[in-house]
Amino acid sequence: MILLAIVLTANVMMAQKKDRTDAYMYNKNGQYEKAMISIEKCVNHEQFLGMKPNDQSQAWLYRASIYQNILQSPDEAVRNLAPDALEKVYESLMKCMENPSFMNDNKQEIYQRVSAVMNTYYTKGADYYNAGDFAAAAPMFKKAYDIAKSLGSNDANDMLNLAATSSLRAEDYQTALDYFTEMKNNGVDDVNIYKHLAAAYHGLGNEEKAFEMINEGLEKYPGDAAMIIEKVNVYLKQGKGEEAINDLVELHNLDPNNASILFILGTIYGDENNDVYNSDKAIEYYEEAIKLNPNYYDAIYNLGAMYITLSNKLKTEANDLPLNETARYNELVEQAEELVRTGLPYVKQAYEAQPTPEVKQVLKTMYVQLKMFDEAKALDAE
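Residues numbered from 1 in each chain as written. Predicted model: local features only at pLDDT ≥ 70, side-chain atom pairs only at ≥ 80, totals over all residues. Heavy atoms only, no water.

Caption draft 1: Molecular detail of the overall build of the protein. Along its length, the protein carries 20 helices and zero strands. Here the C-alpha atoms of the protein give a radius of gyration of 34 Å, more than 25% beyond the 21 Å that 2.2 N^0.38 yields for 382 residues. Counting only residues that meet the buried cut, the protein has 40% of its 382 residues in that class. Long-range contacts, defined here as pairs at least 24 residues apart, represent 51% of the contacts in the protein between residues at least 6 apart. (Helix = DSSP H or I, 4+ residues; strand = E, 2+ residues; numbered from the N terminus. Rg over C-alpha atoms; globule rule 2.2 N^0.38 Å. Buried < 20%, exposed > 50% of the residue type's maximum accessible area, 1.4 Å probe, protein only. Contact = heavy atoms within 4.5 Å.)

Put into C-alpha cells, the structure is as follows:
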C-alpha cells in the first residue's frame, strides 16, 4: 500500500509537470487557449502545493507569460479568451515573488513582466480618471502602487496618491481615508495629506477628526490657504459662522487680491441661516469682490439678489401694518422700490453675462416693479 501511494504520488507529480510543460509549449507555439487550459489544470490541482517551491514558481511564471500574451494579442478573439488576463498576470507574478530563491534566479524576466503590468494598471487608471470614472480609476492606481511598492520604486507613493485622490473624488471616503493614512505612514508629509485626510473625515461625518487633521496641518504649515478653507468648511457645517469669518479674514490678509475670499465672506454674511447674518456687511464684501474683479458673475448676481431680498422684507413689513398707518406704509414701499432700483444694474449685468431663463425672470419682475414696462416688453421679445 505504501509502495502504491508512492507510485500514485509520483504519477500525479509527473502529470502536473507534464501539464506545465504542455502549457509552455502551447504558449511558445501561439496556441494560447490550450496553454491556458494546461496551466490552469496544473496550478489548480489539489496536489500542486506538494510540488517543489521552484517548480511551483516556474508554473506561475509560465502562467504569467501565457496570460500576458493573451492580454497583448492583436487578435480580439484571443483577448476574449481571458477578459481577466491582467488580473491573472498580476496574481501569477506576485506568487513568483513570494519565492526569494526563484526570484533571485529569474529577477530580470520577472521585473520586466511586473513593470509591464504596473504600467498597464497605471494607464487604465489614468484613462478612467480622465473620463471622470474615479471609482474605476482608484483600484487600478492601487494595483500599480502595490506593484511599485514591491519593486521598491520611488514612484510608489505618487501612485497611492492617485488612488487616494480618485477615491476621494468618487466619494468613497473610507477608502480615501485608508489610502491617505497609508501615505502618511509611509512618511509623506505635506499640506495636502492633512487637507485630504480632513476632507475624508468630513465626508464620513467625523467633524472632530477632520478638525484634528486641519489643526495638525496648520501647526506644520501655518497660513496655508487650502487648510484654512477646509477649516472654514468644517465651521460652516457646524453652524459656526463667526469662527469661519475669523479664518477667512485671516486668509484675506494673506491674499488681499483674492476676490473669491471676499465673495465667500459676502455669502456667509448674506445667509439668514447663519448666526452672523448681516446684510450691510454682505453688500460691502460683494462690492469689494466686484472692485477686484468687475466681471465676477456670482458676486454681481448675489449683490443684486441681496437688494431684492431686502426689498421683499420691507414689502412684507408694509403689508403687515394696520390699515390706519398709511404714511408708514408708503414710506416702506418707497424704500423697497429704491432697493430694487439699486439692485437693478447688478441683475441686468448678470443677465447680460449669462442670459439664463431664471435671471431673465428676475430681471423682468424688477422692471415691472419699477413700472419700466417698455423694458419688460423688450425683454419678453428676446
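Caption draft 2: Here's a closer look at the pattern of salt bridges. Taken as a whole and assessed by the stated rule, the structure comprises 17 salt bridges. Close ionic contact of lysine 143 with glutamate 87 constitutes a salt bridge, the shortest N to O distance being 2.8 Å. Pair noted here: lysine 143 is in helix H8 (residues 134–151) and glutamate 87 is in helix H5 (residues 85–96), with a separation of 56 residues, a long-range link. Relative accessible area serves as the criterion here: at 33%, glutamate 87 is assigned to the partly exposed category. Between lysine 364 and aspartate 380 there is a salt bridge, with the nearest N and O atoms lying 3.1 Å from each other. Here lysine 364, found in helix H19 (residues 357–369), pairs with aspartate 380, found in helix H20 (residues 373–381); they are 16 residues apart in sequence, far enough to count as distant. (Salt bridge = Lys/Arg side-chain N within 4 Å of Asp/Glu carboxyl O.)

Caption draft 3: Structural view of the environment of leucine 265. In this fold, leucine 265 is placed in helix H15 (residues 259–269). Given the relative accessible area of 0%, leucine 265 is considered buried. Along the backbone, leucine 265 and leucine 248 are 17 residues apart, and their C-alpha atoms lie at a distance of 7.1 Å. Beyond its immediate stretch of four places on either side in the chain, leucine 265 contacts Ile245, Leu248, Val249 and Tyr285.

Caption draft 4: Region of interest: unusual backbone geometry. Despite not being glycine, glutamate 171 has its phi angle at roughly 65 degrees, a positive value. Turning to its location among the elements, glutamate 171 is positioned in the loop between helix H9 (156–169) and helix H10 (173–185). Residue class for glutamate 171 comes out exposed when judged on its relative accessible area of 57%. One non-glycine residue, lysine 371, lies in positive phi territory at about 60 degrees. Relative accessible area serves as the criterion here: at 59%, lysine 371 is assigned to the exposed category.

Caption draft 5: Just the packing of H5 against helix H7 (residues 107–130), in detail. Here H5 crosses H7 at 140 degrees, and the two axes come no closer than 10 Å. By the angle class used here, H5 and H7 are oblique. Crossing geometry of H5 relative to H7 is assigned as left-handed. Across the interface between the two elements, Leu86, Glu87, Val89, Tyr90, Leu93 and Cys96 of H5 pack against Ile110, Arg113, Val114, Val117, Thr120, Tyr121 and Lys124 of H7. Of the residues belonging to the contact of H5 with H7, the class tally is nine nonpolar, one polar and three charged. (Axes fitted to C-alpha atoms, helices over the stretch in contact; angles between N-to-C directions. Parallel < 35°, antiparallel > 145°, perpendicular 65-115°, else oblique. Left-handed = near helix turned anticlockwise from the far one by under 90°. Nonpolar A, V, L, I, M, F, W, Y, C, P; charged D, E, K, R; others polar.)

Caption draft 6: Quick peek at the state of the cysteines. Applying the stated criterion to the full structure yields zero disulfides. The thiol of cysteine 42 is unpaired, and the distance to the nearest cysteine sulfur, on cysteine 96, comes to 12 Å. Cysteine 42 sits in the buried class, given a relative accessible area of 0%. Exposure remark for cysteine 96: the relative accessible area of 0% places this residue in the buried category. (Disulfide = S-S within 2.5 Å.)

Caption draft 7: View of the nonpolar core. Grouped together as the largest cluster of nonpolar side chains are 112 residues, with contacts concentrated most on Ile70, Val117, Tyr121 and Phe180. No other element matches the ten residues that helix H17 (residues 297–319) contributes to this core. If near-sequence neighbours (up to four positions away) are discounted, isoleucine 70 is found in contact with Tyr32, Met36, Val78, Arg79, Ala82 and Ala85. (Core = buried A, V, L, I, M, F, W, Y, C linked by side-chain atoms within 4.5 Å.)

Caption draft 8: Fine view of the environment of alanine 170. Mapped onto the fold, alanine 170 is located in the loop between H9 and H10. Taking the C-alpha atoms as reference points, alanine 170 and tyrosine 128, separated by 42 residues in sequence, lie 12 Å from one another. Beyond its immediate sequence surroundings of up to four residues, alanine 170 is in contact with Phe134 and Ala135.

Caption draft 9: Structural view of the packing of aromatic side chains. Scanning the entire structure with this criterion turns up eleven aromatic pairs. For the ring pair tyrosine 297 and tyrosine 301, a centre distance of 6.3 Å and an interplane angle of 10 degrees mean the geometry is stacked. Linking tyrosine 297 with tyrosine 301, this pair stays in helix H17, spanning four residues, or about one helical turn. The exposure class assigned to tyrosine 297 is buried, which follows from its relative accessible area of 17%. Assessed through its relative accessible area of 24%, tyrosine 301 is described here as partly exposed. Every member of this aromatic cluster is reached through a ring pair, and the members are Tyr122, Tyr129, Phe134 and Phe141. (Phe/Tyr/Trp six-rings, centres within 6.5 Å; stacked < 30°, edge-to-face > 60°.)

Caption draft 10: Quick peek at H17. For H17, spanning 23 residues, the distance from its first C-alpha to its last is 33 Å, which sits close to the expected 33 Å at 1.5 Å a residue. Along H17, the residues that are buried comprise Tyr297, Ala299, Ile300, Leu303, Gly304, Met306, Tyr307, Ile308, Leu310, Ser311, Leu314 and Ala318. Where H17 is buried, its residues touch H15, helix H16 (279–292), helix H18 (326–353) and H19. (Expected span 1.5 Å × (residues − 1).)

Caption draft 11: Spotlight on the packing of helix H3 (residues 53–72) against H7. Contact geometry for H3 and H7: axes closest at 12 Å, N-to-C directions at 40 degrees. The angle between the axes of H3 and H7 places the two elements in the oblique class. Considering only the axes of H3 and H7, their crossing is left-handed. Only Glu109, Ile110, Arg113, Ala116 and Val117 of H7 make contact with H3, whose side of the interface consists of Leu61, Ser65 and Gln68.

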